[in-house]
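Chain by chain, the residues:
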Amino acid sequence: MNTVNRRFSVAPMMDWTTYECRYFLRLISKRALLYTEMVTTGALIYGDRARFLQYDQSEHPLALQLGGSNAADLATCAKMAEAAGYDEVNLNVGCPSDRVQNNMIGACLMGHPQLVADCVKQMQDAVQIPVTVKHRIGINGRDSYAELCDFIGTVSEAGCNSFTVHARIAILEGLSPKENRDIPPLRYDIAAQLTTDFPDLEFILNGGIKTLEECSEHLKTFAGVMLGREAYHNPWLLSEVDHQLFGDPQRDITRTSILEQLRPYLVKHIAQGGKAPHVTRHILGIAQGFQGARRFRQLLSADIYKTDDPLRVYDQAIAVLEGR
Ligand SMILES: Cc1cc2nc3c(=O)[nH]c(=O)nc-3n(C[C@H](O)[C@H](O)[C@H](O)COP(=O)(O)O)c2cc1C
């Protein structure tokens, strides 16, 4: 049964939504659905599984995103996700990188709706947690609305009822993954049309959303919104999500109280042999708009690499935010 609330989620982002990042974001919002970075089936089946599945219990609700196109492997990995306690497993049909295309992972799968359906079916048969799909509105050469409807129809018949739509096409040759997040125009109108044509399915809108006002507006049409880059670069945006978008009572948190709460995690991380910047690189954006933001970023992105007392540098950064 699908009990995950996807009203607001933070997008899966390679190298960004690591468990350190998610731990930090969860301190700011209790309700946002968080996604892991994409993990390939090969990495989970043949690699350091424990590391790829690692998370802190506080991170729930939490979805694991998988990359792959072998149905049996995806089903095996979905089972691993469920056994590890993830709330949802998501299949990546949106990533346009050349590296993943060669392995039939990501956006190129939009050209193979039946294969995606077979994958979703086997995954769904293997687990009780929901299986969702994150996709584009098309790929070059296959970007008509009829083809998009064919994709959604075929995959939903296999048992997927929640689709996260990155509302632009992916151009599989000639653009880098980064360019593919900016150059193809955003078409919210096409994503919105899906909500009319498939009223029984859940559609989550992704791509270019920057403010909670925009979120509220999109939530009139869509079941949920997913933010990627803005949530990462301006994590304090999440501080109003629970109240404004989920109707929770306002929590009494400040940027510095969040950093104080993160401190024990950093202490433990260092005690276990981890490097402080692996945690602090994700929090640089929290000072956005504050006096001292530059100094804060400098301390946590430069000085902290050079020091043998990273906690002292961390405390200095908090003091800068407090204006001390
Ligand atoms: C650094 C980075 C890494 C990303 N990695 C993934 C990924 O692993 N899986 C995925 O489905 N999308 C990935 N994306 C795409 C985002 O999930 C999202 O769809 C895209 O950034 C558009 O949303 P935004 O405009 O809110 O950032 C990545 C984006 C960025 C910026």
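Residues numbered from 1 in each chain as written. Predicted model: local features only at pLDDT ≥ 70, side-chain atom pairs only at ≥ 80, totals over all residues. Heavy atoms only, no water.

**Thoughts on the sheet that holds strand E4 (residues 88-93)**
- If you walk around this closed barrel you meet the eight strands as E1-E2-E3-E4-E5-E6-E7-E8, and the pairing is parallel. Taken over all neighbouring pairs, the strand axes of this sheet differ in orientation by 30° on average, direction set aside.
- Across two bridges, the pairing between strand E1 (residues 8-10) and strand E2 (residues 33-40) is parallel. What sits directly across from Ser-9, in E2, is Leu-33.
- Running at roughly 170° to strand E7 (residues 202-206), helix H8 (residues 188-197) makes contact with strand E6 (162-166) and E7 of the sheet. (Pairing = 2+ DSSP bridges. Helix = DSSP H or I, 4+ residues; strand = E, 2+ residues; numbered from the N terminus. Axes fitted to C-alpha atoms, helices over the stretch in contact; angles between N-to-C directions. Contact = heavy atoms within 4.5 Å.)

**Focus: the side chain of His-166**
- Within the secondary structure, His-166 is located in strand E6.
- Judged by its relative accessible area of 7%, His-166 falls in the buried class.
- For His-166, the side chain forms a polar contact with the side chain of Arg-136, separated by 3.5 Å.
- Excluding residues that lie within four positions of it along the chain, His-166 makes contacts with His-135, Arg-136, Ile-137, Arg-181, Asn-206 and Gly-207. (Buried < 20%, exposed > 50% of the residue type's maximum accessible area, 1.4 Å probe, protein only. Polar contact = N/O pair within 3.5 Å; in protein donor to acceptor, adjacent residues only side chain to side chain.)

**Section: the packing of helix H14 (residues 293-306) against helix H15 (residues 310-322)**
- Between H14 and H15, the shortest axis-to-axis distance is 9 Å and the interhelical angle comes to 170°. Accordingly, the angle class assigned to the pair H14 and H15 is roughly antiparallel. Contacts between H14 and H15 involve Arg-295, Phe-296, Leu-299, Leu-300, Asp-303 and Ile-304 from the first element and Pro-310, Val-313, Tyr-314, Gln-316, Ala-317, Val-320 and Leu-321 from the second. (Parallel < 35°, antiparallel > 145°, perpendicular 65-115°, else oblique.)

**Focus: the pattern of salt bridges**
- Per the counting criterion, the structure on display carries 14 salt bridges.
- Between Lys-121 and Asp-125 there is a salt bridge, with the nearest N and O atoms lying 2.7 Å from each other. Of this pair, Lys-121 and Asp-125 both sit in helix H6 (residues 113-126), four residues apart, which is roughly one turn of that helix.
- On the accessibility criterion, Lys-121 (40% relative accessible area) is partly exposed.
- Judged by its relative accessible area of 56%, Asp-125 is exposed.
- The partner of Arg-187 in a salt bridge is Asp-189, and the shortest N-O contact between them spans 2.8 Å.
- For Asp-189, a relative accessible area of 44% puts it in the partly exposed group. (Salt bridge = Lys/Arg side-chain N within 4 Å of Asp/Glu carboxyl O.)

**A closer look at the domain arrangement of the protein**
- Partitioning the protein into domains gives domain 1 (8-244) and domain 2 (255-322).
- Each of domain 1 and domain 2 has a C-alpha centre, and these two points are 30 Å apart.
- The interface of domain 1 with domain 2 comprises 15 residues on the first partner and 15 residues on the second.
- Looking at the side of domain 1 facing domain 2, the largest losses of area belong to Glu-20, Phe-24 and Trp-236, adding up to 41% of the total buried there.
- Between domain 1 and domain 2 we count one salt bridge in total.
- The partner of Arg-281 in a salt bridge is Asp-15, and the shortest N-O contact between them spans 3.5 Å.
- The interface formed by domain 1 and domain 2 holds five residue pairs in polar contact (both at pLDDT 80 or more) in total. (Domains from an automatic or database assignment. Buried area = accessible area lost by both parts, 1.4 Å probe.)

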